[in-house]
Amino acid sequence: MATPNGGLNFLTQEAWKALLSRFSHIVLVANSEAVDFERLRSELPGTALYVFFNKVYKVLDAPFAGHAVLIARSGVMGANIVHRREVGDVLRFFAGDDFLGVVNIRVSPEENFSEETRFNGVKARHLDLTHMLSDLYPMGKIATSGFAMALWLADLQLPGKILLAGFSAKRSEKWKVFDVHDWTFEQIFLRLFARMGSILMIGGVDASPYAALAKRFPQVPPIEIAMTAAEVLSERLDNANSQIDRLMSVTKTIRAIENFFRRLKPKTRKARFLEKCPRSASAA
């Protein structure tokens, strides 16, 4: 049952489960080069629901025909696609009865919802995941929308299978990997979830080389293999940090010049908003 609240549309846990239980598969499609979309569509039945995130034109080049829902992530100024005026650009990829509409989510208390009317007349629901992540996610970092939705869906215990497509967490020339998220924590968590059978990861995740080690050394306990791998990785990380420190020293002048010109740039709408409403950033 929906609970209207100042232009917001929240559903109970039971209502979410009833809405999503009719799908055989729920596929979370990452905005990633690792997504093989044609293969996904060919291998999955028509009863699958595809979950897209924010700027879907990164993975779609034509209107989508099939069951779909759009996750709109919130920021300080409301849903990102709303305050960036991208609602029309994103929603043009969806139409018809198979489109379930928009789910505006927030995962941090600093983020604020946008009212249902801000989504160009499309059905919008709101989902607050702050409490679910407050004691779980590493301090100082903010969960990605994909990670938050994967965890929430797994906790719903739906009858359908949950598939994660293209969750690689890898930077490329085309795709950014923002440092505000703890990509290492998320990958560890999701891969453990996958090994438990709670979700299935497709694309962007290679077979574990440590599984091959376990087969080659069956007499060695798994904990010894893990500790040896951690020892080697720690040494390599220390070596990488030494090179990073050297690089930071060499580029000190370049960074000083860059920072000078950054201060000359006009303030963004978000910066002006935060200056006018300093309390709104910490509210909610």
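Right above here is the structure, for reference.
I will try to describe carefully the structure that is included in this document.

About the thresholds
- Residues numbered from 1 in each chain as written.
- Predicted model: local features only at pLDDT ≥ 70, side-chain atom pairs only at ≥ 80, totals over all residues.
- Heavy atoms only, no water.
- Buried < 20%, exposed > 50% of the residue type's maximum accessible area, 1.4 Å probe, protein only.
- Helix = DSSP H or I, 4+ residues; strand = E, 2+ residues; numbered from the N terminus.
- Arc of directions from axis to C-beta.
- Contact = heavy atoms within 4.5 Å.
- Expected span 1.5 Å × (residues − 1).
- Phe/Tyr/Trp six-rings, centres within 6.5 Å; stacked < 30°, edge-to-face > 60°.
- Lys NZ or Arg CZ within 6 Å of the ring centre and 35° of its normal.

## Considering helix H1 (residues 13–20)
- When we look at burial in H1, the residues that qualify are Ala15, Trp16, Leu19 and Leu20. Buried positions in H1, seen along its axis, are confined to an arc of 120° and lie on one side of it. Exposed residues on H1 whose side chains face more than 90 degrees from its buried face are Glu14 and Ala18.
- Considering only its buried residues, H1 is in contact with strand E2 (8–11), strand E3 (25–29), strand E4 (48–53), strand E7 (99–106), strand E8 (124–128) and helix H6 (145–156).

## Quick word on H6
- Taking 1.5 Å of rise per residue, twelve residues should cover 16 Å, and H6 covers 17 Å from first to last C-alpha, within 8% of that figure.
- Within H6, eleven of the twelve residues are buried, which leaves it mostly tucked inside the rest of the structure.
- Of the residues making up H6, those classed as buried are Ser145, Gly146, Phe147, Ala148, Met149, Ala150, Leu151, Trp152, Leu153, Ala154 and Leu156.
- Just downstream of H6 lies glutamine 157, where phi reads positive at about 55°.

## Details of the packing of aromatic side chains
- The tally for this structure, following the rule as stated, stands at 16 aromatic pairs.
- A ring pair is formed by tryptophan 16 and tryptophan 152, whose centres lie 5.3 Å apart and whose planes are at 85°; its orientation type is edge-to-face. One end of the pair, tryptophan 16, is in helix H1; the other, tryptophan 152, is in helix H6, with 136 residues separating them in the sequence.
- On the basis of relative accessible area, tryptophan 152 is assigned to the buried category, the value being 6%.
- Arranged with centres 5.4 Å apart and planes meeting at 75°, the rings of phenylalanine 260 and phenylalanine 261 form a pair that is edge-to-face.
- Taking the relative accessible area as the measure of exposure, phenylalanine 260 reaches 43% and is therefore partly exposed.
- For phenylalanine 261, a relative accessible area of 51% corresponds to the exposed category.
- Chaining the aromatic ring pairs together yields one cluster made of Phe37, Tyr50, Phe52, Phe64, Phe94 and Phe99.
- Over the aromatic face of phenylalanine 217 sits the side chain of arginine 216, whose NZ or CZ is 5.3 Å from the ring centroid.

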